[in-house]
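Remarks on the overall topology
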Amino acid sequence: MSTPEKARVEPDDEPVVATVDELKPLYRQMLAIRRLEEASAKAYSQGKIGGFLHLIIGQEAVCVGATAALRPDDYVVATYRDHGHAYAKGISARAMMAELYGKKTGLVKGLGGSMHFFDKGKGFLGGHGIVGGHVPIAAGAAFAAKYRGDGRVALCFFGEGASTIGGFAEGLALAALWKLPVVLICENNQYSMGTPLYRSLAVEDVSMRALAHGMARDRFDGDDVLKVKQRIAIAVERARETNEPTLVEVITYRFRGHSMSDPGLYRTKEEVEEWRRRDPLNRTRVRLEELGMPAADLEALEADVKAEIEDAVHFAETSPPADEYFPYVIKE
Amino acid sequence: MAVISYREALNQAMREEMERDESVFIMGEEVGHYQGAYKVTQGLLQRFSSRRVVDTPIAEMGFAGIGVGAAMVGLRPIIEFMTFNFSLVAIDQIVSNAAKMYQMSAGAFHVPIVFRGPSGPAVQVASQHSQALESFYAHVPGLKVVLPSTAYDAKGLLKTAIRDDNPVVFMEGETLYGTTWEVPEQEYLIPLGKGDIKRPGKDVTLVAWSKMVWVCLDAAKALAAEGIEAEVVDPRTLRPLDTEIICDSVKKTGRCVIVEVGWPVAGFGAEVAYQVQRQCMDHLDAPIERVCSDDVPMPYAKNLEDEVQPQVKDVVAAVKRALYLA
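Cut-offs applied
- Residues numbered from 1 in each chain as written.
- Chains lettered and ligands numbered in written order.
- Predicted model: local features only at pLDDT ≥ 70, side-chain atom pairs only at ≥ 80, totals over all residues.
- Heavy atoms only, no water.
- 1 Å grid on protein atoms, 1.4 Å probe; cavity = no way out; pocket = protein on both sides within 12 Å on 5 of 7 lines; lining within 4 Å.
- Points joined across faces, edges and corners; volume = space filled by probe spheres on them.
- Nonpolar A, V, L, I, M, F, W, Y, C, P; charged D, E, K, R; others polar.
- Axes fitted to C-alpha atoms, helices over the stretch in contact; angles between N-to-C directions.
- Helix = DSSP H or I, 4+ residues; strand = E, 2+ residues; numbered from the N terminus.
- Parallel < 35°, antiparallel > 145°, perpendicular 65-115°, else oblique.
- Left-handed = near helix turned anticlockwise from the far one by under 90°.
- Contact = heavy atoms within 4.5 Å.
- Phe/Tyr/Trp six-rings, centres within 6.5 Å; stacked < 30°, edge-to-face > 60°.
- Buried < 20%, exposed > 50% of the residue type's maximum accessible area, 1.4 Å probe, protein only.
- Lys NZ or Arg CZ within 6 Å of the ring centre and 35° of its normal.
- Buried area = accessible area lost by both parts, 1.4 Å probe.
- Salt bridge = Lys/Arg side-chain N within 4 Å of Asp/Glu carboxyl O.
- Pairing = 2+ DSSP bridges.
- Domains from an automatic or database assignment.
- Right-handed = clockwise from strand over helix to strand, strands pointing away.
- Disulfide = S-S within 2.5 Å.

This part covers empty space enclosed by the protein. If you walk through the whole model with that rule in mind, you get four cavities of 30 Å³ or more. By volume, the largest cavity is sized at about 140 Å³. Considering only residue class, the lining of the largest cavity consists of seven nonpolar, three polar and four charged. By volume, the second largest cavity is sized at about 110 Å³.

Printed below as a string of structure tokens:
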């Protein structure tokens, strides 16, 4: 059984020094993502959202902390579990929820759905459904940044399950060889769909793949959003200043199944409960209380998030259906 | 007009487009220091430096994907596959990423990229290096698929492909690099989706692309000796397909023979045949004929290799069937 204690790779005795002002916006993002995912799950069970729906509940600290280390014009490339990353990169809950509903007002006009969020203005390069196939794309965005010398950095997120496929291996090798300003972030949630680490990886430390390429690496626990931000910031700085890529592995856990159709029978209730007790979202709230954020302020923030997500759902419900698909096959 | 080789024409196209647009770069195995496995990129490294002529390790999926990512944020990559046989290990990047991105992102990201390299059977390189894969790529919406048969077409089409805002699969005839054709000194572009009559004729329409155009021209010569005038139509691009030029020809001749070096089952010729019967039913005087390679992986021995592929005698025989002379 996986537990937060067994999975931990560093001691947890030194919380990152923080202020309310620094932590509050990150908490707000994490909470909004959690509420957005809960609203998505509800709409899915009502048959209003179709297809595959992969929720990121439990892992929010990773995408929020990592993206907080970026400049607005940096790139993010994500997997099919992309709602949290998209929100963290500044995409609105309205556009995302309308997309999940398959509406004309959706982020990509009902053409992509849950797995394929894109936003050029926000530097959000997807939303990719083929495991590992997006790692070279992130390296390519970084290649372009270096080619132009514009100082941009690309973050690429993937699960530990992607570490066994060729797209990851080749993207990693070329990023190292050509010194591309990309940070490769393995969100190790300990299960590639239903297969635990020990049944998919001979060496469970994914970050060690960097060693063969002489690439910088890091590995840490993903339950403290500020720690994620600080550690990713080091890798981002390295990429921006020296073009050196970094392979970062962040240990995390998804509380829900792989997708909505997965009841999660491959792990015990006790295991999930253990991890839920260490919920990064609650941890962040507790930290804000400890730092002296008034209860009334916290409640106001939470009410604000609730209203934002309710508005997004209402927007999606009342938007017109998607109505065109030919204009975007070939660019004239 | 200068007479230059197909290889030189491609080289000129890339050189001119790289001079014209700083965002164009070339990436692939042996494209730089080695000067290209087939010498198509000869001299480009010296002219444009390793920033824009990028030698890669053997990692087609990786560098094809890097091209897609770079294209998404505004560069115009030319990805060279040493042969299109090796594109199969990168096909996920072409089909799942390059072809889908524009639609999947509702127009937010387009992918102006050219995947190019030699394609089709060469000479005695056996089954894994002798595939004609155009039917695979022509199947996929979001891609353009180009197969030039002459140096003139190669230059004009490649320049257009590089300027196109969509992913273009540009398949060069592996045995055509040394062939020559007249090419004007001044700049010209050939639009994608416009076919060309390679030889006019009134008795039968031969539809062929890439090296099969040459086989058809030889067959037409042999047929002419028997008083049969074949029209050779080269669509030049399979996607988009210039059905108009094909159907106009068939409406004139009443007979159609489609010649491709690919395998028969689900080959692109079947699509051409469908379009022709759909649009020219009242003009057809005989069933449409197809000439393809035999339905086998390519053998090594020269005599067997020749026998597998469409030859002049096969085309002549198909024409005679279409004319009820056989």
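Turning next to the packing of helix 6 (residues 135-148) of chain A against helix 7 (residues 166-178) of chain A. All names here are of chain A. Interaxial distance between helix 6 and helix 7 falls to 8 Å at its minimum, and their mutual angle equals 20 degrees. With respect to helix 7, the axis of helix 6 lies roughly parallel. For the pair helix 6 and helix 7, the crossing hand works out as left-handed. Where helix 6 approaches helix 7, its residues V135, P136, A139, F143 and K146 are matched on the opposing element by G167, F168, G171, L172 and W178. Here the residues of the contact of helix 6 with helix 7 sort into seven nonpolar, two polar and one charged.

Note on aromatic pairs: each is described by the distance of the centres and the angle between the planes. The full count for this structure, using the stated rule, is 20 aromatic pairs over all chains. For the pair Y253(A) and W275(A), a centre-to-centre distance of 4.6 Å together with 5 degrees between the ring planes defines the contact as stacked. Here Y253(A), found in the loop between strand 8 (246-251) and helix 9 (269-277), pairs with W275(A), found in helix 9; they are 22 residues apart in sequence, far enough to count as distant. Grouping residues by exposure puts Y253(A) and W275(A) together as buried. Arranged with centres 4.9 Å apart and planes meeting at 35 degrees, the rings of Y325(A) and F326(A) form a pair that is tilted. Here Y325(A) and F326(A) have matching classes, each one exposed. One aromatic cluster is present, formed by F63(B), F81(B), F84(B), F115(B) and Y137(B) through successive ring pairs. Across the ring face of F48(B), the terminal group of R47(B) is positioned such that the distance to the ring centre comes to 4.8 Å. The side chain of R51(B) reaches across the aromatic face of Y147(A), ending 4.0 Å from its centre.

Opposite the 45 residues of chain B that make contact, chain A presents 36 residues. Taken over both partners, the interface formed by chain B and chain A buries close to 3,300 Å², and the fraction arising from carbon and sulfur atoms is 70%. Inspection of the chain B/chain A interface yields one salt bridge. K331(A) is paired through a salt bridge with D165(B); the nearest N and O atoms lie 3.2 Å apart.

All names here are of chain A. Residues G126 and G127 are joined by a peptide bond in cis, for which omega reads 15 degrees. In this fold, G127 is placed in strand 2 (residues 124-128). One non-glycine residue, Q190, adopts positive backbone phi at about 75 degrees. As for its placement among the helices and strands, Q190 is situated in the loop between strand 4 (182-188) and strand 5 (191-192). Residue Q190 is classed as buried on the basis of its relative accessible area of 7%. A positive phi angle, near 55 degrees, is found at M193, a position not held by glycine. Assignment of secondary structure puts M193 in the loop between strand 5 and strand 6 (195-196). We classify M193 as exposed; its relative accessible area is 52%.

All names here are of chain B. Spatial strand order, 3-2-4-5-7-6-12: seven strands in an open sheet with mixed pairing. Where the open sheet ends on each side, the last strands, each with one partner, are strand 3 (53-55) and strand 12 (237-239). Ignoring which end each strand starts from, the neighbouring axes of this sheet average 20 degrees apart. On the sheet, helix 2 (residues 44-52) packs against strand 2 (24-28) and strand 3 and is oriented at approximately 70 degrees with respect to strand 3. This element, helix 3 (residues 60-72), spans strand 2, strand 4 (76-80) and strand 5 (114-119) of the sheet and lies at about 165 degrees to strand 4.

So, on to the sheet that holds strand 3 (residues 154-159) of chain A. Residues and elements named next belong to chain A. Strands sit in the order 2-1-3-4-8-7 across an open sheet of six strands; the sheet is parallel. This sheet does not close on itself; its edge strands, each paired only once, are strand 2 and strand 7 (216-221). The mean angle between the axes of side-by-side strands here comes to 15 degrees, regardless of whether they run parallel or antiparallel. As paired elements, strand 1 (residues 75-79) and strand 3 share three bridges and run parallel to each other. Bridge assignment links V77 to a residue of strand 3, and that residue is C156. Strands in contact with helix 8 (residues 225-242) are strand 3, strand 4, strand 7 and strand 8; relative to strand 7, the strand with the most contacts, it is inclined by about 170 degrees.

In this structure, S259(A) sits in the loop between strand 8 and helix 9. Not counting residues within four places of it along the chain, the set of residues in contact with S259(A) comprises L53(A) and H54(A).

This part is about the domain arrangement of chain B. Residues and elements named next belong to chain B. The assigned domain composition of chain B is domain 1 (2-183) and domain 2 (196-322). Facing the 32 residues of domain 1 at the interface are 27 residues of domain 2. The junction of domain 1 with domain 2 conceals about 2,400 Å² of combined surface from both sides, 60% of it contributed by carbon and sulfur atoms. Per-residue buried area on domain 1 facing domain 2 is highest for P121, Q124 and L147; these three make up 24% of the total on that side. Inspection of the region where domain 1 meets domain 2 yields two salt bridges.

Inspection of every chain in the model, using the stated rule, returns 62 salt bridges over all chains. The salt bridge involving D223(A) is made with R278(A); its shortest N-O contact spans 2.9 Å. Placement of the pair is D223(A) in the loop between strand 7 and helix 8 and R278(A) in the loop between helix 9 and helix 10 (280-290), with a sequence separation of 55 residues. The salt bridge involving K144(B) is made with D164(B); its shortest N-O contact spans 2.8 Å. Linking K144(B) in strand 6 (residues 144-146) with D164(B) in the loop between helix 7 (151-163) and strand 7 (168-173), this pair joins segments that are 20 residues apart in sequence.

Each regular strand shows side chains that alternate between the opposite faces of the sheet. All names here are of chain A. Pairing between strand 7 and strand 8: six bridges, direction parallel. Directly across from A216, in strand 8, lies its bridge partner T246. Running through helix 8, the crossover from strand 7 to the neighbouring parallel element strand 8 is right-handed.

The subject of this paragraph is the pairing of strand 3 of chain A. All names here are of chain A. Burial analysis of strand 3 places five of its six residues in the buried class, the great majority of the element. Where strand 3 and strand 4 come together, six bridges link them in parallel fashion. Bridge pairing links A154 to V182 in strand 4. A crossover connection joins strand 3 to the parallel strand 4 through helix 7; in handedness this β-α-β unit is right-handed.

This part covers the state of the cysteines. All names here are of chain B. This structure, assessed with the given rule, holds zero disulfides over all chains. Left without a disulfide partner, C292 is nearest to the cysteine sulfur of C216, which lies 12 Å away. On the basis of relative accessible area, C292 is assigned to the buried category, the value being 16%.

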